[in-house]
2 protein chains.
Amino acid sequence: MAYRQTPAVEARLHDNRSRILLAARTLVSEGGWAEAQVAAVAAAAGIATGTVYRYFPSKAELFAEVLSAVSQREVDVLTDIASSGGPALGRLHSAVATFVRRAMRNPRLAYALIAEPCDKEIDEARLTYRATVSEVIRSIIESGQAAKEVRPDVRPDVAATVIVGGFMEGLIGPLSPLSRQQHPDTDAYRREVAQLADQIAALACTSVAATAATLRQLNRRPA
Amino acid sequence: MAYRQTPAVEARLHDNRSRILLAARTLVSEGGWAEAQVAAVAAAAGIATGTVYRYFPSKAELFAEVLSAVSQREVDVLTDIASSGGPALGRLHSAVATFVRRAMRNPRLAYALIAEPCDKEIDEARLTYRATVSEVIRSIIESGQAAKEVRPDVRPDVAATVIVGGFMEGLIGPLSPLSRQQHPDTDAYRREVAQLADQIAALACTSVAATAATLRQLNRRPA
DNA sequence: AACATCAGTGAACCGAAATTCATTTCTTTG
DNA sequence: CAAAGAAATGAATTTCGGTTCACTGATGTT
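Residues numbered from 1 in each chain as written. Chains lettered and ligands numbered in written order. Predicted model: local features only at pLDDT ≥ 70, side-chain atom pairs only at ≥ 80, totals over all residues. Heavy atoms only, no water.

Chemist: Can you help me understand the overall build of chain A in this one?
Modeler: The number of helices and strands found in chain A is 10 helices and zero strands. Each principal axis of the C-alpha distribution contributes one length, and for chain A these read about 75 × 45 × 30 Å. Per-residue burial for chain A yields a buried fraction of 49% across its 223 residues. Considering only contacts within chain A whose residues lie at least 6 apart along the sequence, 71% involve residues at least 24 apart. Working note: accessible area of chain A is about 11,000 Å², and carbon and sulfur atoms make up 53% of it. A distance of 3 Å separates the average location of the 26 positive side-chain charges in chain A from that of its 24 negative side-chain charges. (Helix = DSSP H or I, 4+ residues; strand = E, 2+ residues; numbered from the N terminus. Buried < 20%, exposed > 50% of the residue type's maximum accessible area, 1.4 Å probe, protein only. Contact = heavy atoms within 4.5 Å. Areas by Shrake-Rupley, 256 points an atom, 1.4 Å probe, with all protein chains shown as cover. Lys, Arg positive; Asp, Glu negative; His and termini not counted. Charge placed at Lys NZ, Arg CZ, Asp CG, Glu CD.)

Chemist: Please explain the packing of aromatic side chains as it appears in this structure.
Modeler: Residues and elements named next belong to chain A. Throughout the structure, instances matching the rule amount to four aromatic pairs over all chains. A ring pair is formed by W33 and F63, whose centres lie 5.8 Å apart and whose planes are at 80°; its orientation type is edge-to-face. One end of the pair, W33, is in helix 1 (residues 7-35); the other, F63, is in helix 4 (residues 59-82), with 30 residues separating them in the sequence. According to the relative accessible area criterion, W33 is buried, its value standing at 8%. (Phe/Tyr/Trp six-rings, centres within 6.5 Å; stacked < 30°, edge-to-face > 60°.)

Chemist: Even after reading the chapter, I still don't get the packing of helix 6 (residues 107-114) of chain A against helix 8 (residues 156-175) of chain A, so can you show me in this structure?
Modeler: Helix packing for two helices is described by the angle between their axes and how far apart those axes are. Residues and elements named next belong to chain A. Packing of helix 6 against helix 8 leaves a shortest axis separation of 10 Å and a crossing angle of 135°. The angle between helix 6 and helix 8 falls in the class oblique. Seen from above, helix 6 lies across helix 8 with left-handed handedness. Residue-level inspection shows P107, A110, Y111 and I114 of helix 6 in contact with helix 8, the latter providing M168, L171, I172 and L175. (Axes fitted to C-alpha atoms, helices over the stretch in contact; angles between N-to-C directions. Parallel < 35°, antiparallel > 145°, perpendicular 65-115°, else oblique. Left-handed = near helix turned anticlockwise from the far one by under 90°.)

Chemist: Could you clarify how one ought to interpret the relation of the copies chain A and chain B in this entry?
Modeler: Both copies of the chain are tied together by a single rotation about an axis and a shift running along it. Superposition record for chain A on chain B: RMSD 0.1 Å, screw rotation 179°, translation along axis 0.0 Å. Look at the turn and shift together and you get a two-fold axis relating the two. A shared interface surface links the copies, since 100% of the contact residues of chain A are contact residues in chain B too. (Least-squares fit on C-alpha atoms with pLDDT ≥ 70 in both.)

Chemist: I keep staring at the pattern of salt bridges and nothing clicks. Help me out?
Modeler: Side chains carrying opposite charge are able to pair once their charged atoms draw close together. Counted under the stated rule, the structure contains 20 salt bridges over all chains. For A:R190, the salt bridge is made with A:D187, and the minimal N-O distance between the two is 3.3 Å. One end of the pair, A:R190, and the other, A:D187, are both in helix 9 (residues 187-208), three residues apart, so they sit about a helical turn from each other. Taking relative accessible area as the criterion, A:D187 reaches 51% and is therefore assigned exposed. Linking B:R126 and B:D123 is a salt bridge whose minimum nitrogen-to-oxygen distance equals 2.9 Å. Here the residue B:R126 and the residue B:D123 both occupy positions in helix 7 (residues 120-146), the gap between them amounting to three residues, near one helical turn. Judged on exposure class, the residue B:R126 and its partner B:D123 are both buried. Residues joined in a network through salt bridges with shared partners are A:E135, A:R138 and A:E142. (Salt bridge = Lys/Arg side-chain N within 4 Å of Asp/Glu carboxyl O.)

Chemist: So what exactly am I meant to see when it comes to the domain arrangement of chain A here?
Modeler: Interfaces are often sized by the amount of accessible area the parts lose when they come together. Residue and element names in this part refer to chain A. Segmenting chain A into domains produces domain 1 (1-56) and domain 2 (60-220). Between the C-alpha centres of domain 1 and domain 2 the distance comes to 31 Å. On the side of domain 2, 16 residues touch domain 1, which itself brings 16 residues to the contact. Of the roughly 1,300 Å² buried where domain 1 meets domain 2, counting both sides, 75% is carbon and sulfur surface. (Domains from an automatic or database assignment. Buried area = accessible area lost by both parts, 1.4 Å probe.)

Chemist: Is there a simple way to explain the interface of chain A and chain B in this structure?
Modeler: Taken together, the contact pairs 26 residues of chain A with 27 residues of chain B. With both chains or domains summed, chain A and chain B bury close to 2,500 Å², and 63% of this area falls on carbon and sulfur atoms. In terms of surface lost to chain B, no three residues of chain A exceed A:E169, A:Q199 and A:L203, which account for 24% of the buried area on that side. The interface formed by chain A and chain B contains two salt bridges. Close ionic contact of A:R130 with B:E169 constitutes a salt bridge, the shortest N to O distance being 2.1 Å. Along the contact surface separating chain A from chain B lie six residue pairs in polar contact (both at pLDDT 80 or more). Mapped by element, the contributors of at least two residues to the side of chain A that touches chain B are helix 7 (120-146), helix 8 and helix 9 of chain A. Here the side of chain A that touches chain B is built from residues that sort into 11 nonpolar, eight polar and seven charged. (Polar contact = N/O pair within 3.5 Å; in protein donor to acceptor, adjacent residues only side chain to side chain. Nonpolar A, V, L, I, M, F, W, Y, C, P; charged D, E, K, R; others polar.)

Chemist: Help me understand helix 6 (residues 107-114) of chain B, please; the structure alone is not making it clear to me.
Modeler: Two residues of an α-helix separated by three or four positions point the same way, owing to the 3.6 residues in each turn. Residue and element names in this part refer to chain B. The buried fraction of helix 6 amounts to eight of the eight residues, a majority that puts the element mostly inside the structure. The complete set of buried residues in helix 6 reads P107, R108, L109, A110, Y111, A112, L113 and I114. Residues of helix 6 that are buried in the fold lie against helix 1 (7-31), helix 4 (59-82), helix 5 (88-105), helix 7 and helix 8 (156-175).

Chemist: Can you walk me through the side chain of B:D123 in this structure?
Modeler: Taking the relative accessible area as the measure of exposure, B:D123 reaches 7% and is therefore buried. Setting aside chain neighbours within four positions, we find B:D123 in contact with A:P117 and B:C118.

Chemist: Help me understand the environment of B:A42, please; the structure alone is not making it clear to me.
Modeler: Residue and element names in this part refer to chain B. As for its placement among the helices and strands, A42 is situated in helix 2 (residues 38-45). Residue classification places A42 among the buried positions, given a relative accessible area of 1%. The sequence separation of A42 and A69 amounts to 27 residues, and the corresponding C-alpha distance is 19 Å. Filtering out sequence-adjacent residues up to four positions away, A42 remains in contact with I47, A48, T49 and V52.

Chemist: Is there a simple way to explain the nonpolar core in this structure?
Modeler: One recurring pattern in soluble globular proteins: nonpolar side chains tend to sit buried together. A:F63, B:L62 and B:F63 are the most contacted members of the largest nonpolar core, which has 146 residues in total. In terms of residue count, the dominant contributor to this core is helix 8 of chain A (11 residues). With sequence-adjacent residues up to four places away left out, B:F63 is seen in contact with B:A24, B:V28, B:W33, B:A36, B:V41 and B:I122. (Core = buried A, V, L, I, M, F, W, Y, C linked by side-chain atoms within 4.5 Å.)

Structure, rendered in structure tokens:
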């Protein structure tokens, strides 16, 4: 017996893996999928190209992991909101508005995750992501239906998909590279984002809300 | 002077061009973008690969033309509905439902046009398409606002984008290759499509409608 | 018919980026 | 320290499909 992995090495390997993931995420969030090349990732992580393949079987799996890690954070945030207390429509409003606001904090990354054309394999992970978000929204709608806040004729799965598609598409305009020449760190910009988030969330809520009364209640106390 | 194009040749050229476009469209609608290769198009059109380049400067431009031709038909249909008479919400409902129903008539093609990952260059044309559809929807919403059918606080551009994203995403589930194992030509299937179309259209209408009364009126006479 | 020009051909070319692998360098153990 | 195994390297290979172009065959003009 001549070699066994020591903790020190194990730690270094794990660290390398993290660095690769971090480098990959950074590249995507700076230059989109075009910059997301294996060689570039390796360079950014300070290792050789071939080394990437000791940690990930393929480019697609590497980036699928990046995508799912980032997505998981968003899904977690939404899940928290979904399972918080209060009226369902309030949670729906909050979920949508929060998603929009968070996306606008890192537009380049959000654009890549939501809309930018990319490899088929990576795109699969994206579909899974959307489906998961959709599930969370569906759960809110279902609880809303139980509480009579949501019309009974609404099919929760369809409505959830439509709402998710709606707010993601609503984001594409503001997110798309042309619009993002510069997104200044000003109050005016923040206000604009907040308004957009509110507008989109309001549309989502209205589309399923049972009565005008329920909505009025919501507007009195916007989440 | 030694050569000038005669009508016969002109006709043949034009015919070739059409055949290329038709072959390209057929390939996409059968196998999606994966099958949409220049060599395959040439083969399907019964000509040599290089000949394609006598009619189109690049693959991207060829398929952009395919996409825009197909899209134009849809936009025309929507425009007709938009400029027909009647209440704006009725037109909105009709526009959305019609789009969904038509898409489900050729799911593979619709999927490719709406959601399937594809080359950047082709994707640009797709964005233009979405933007155009969005414009039509926006015009309906604006006229609805003028007629007090649509809430005044709705921003027509945002709402239009959200609605378009919503119904397109609402289609992706039903359209995505897995779901389309077979779409039988049965009454049950047609009923299901009609219901989906109606559900999605209803969500779109509700999201912007001014009052429950307006909606009730709509439900009495579903477009 | 002879010439000029155009249309069609398809095998070869090319670029780009993922992936591989023979070699080198580092770690561990006896 | 030497042997054995693991990890890292990065230049070379592979792949893949779009694009080119030298050539052949058609078509029109004189």
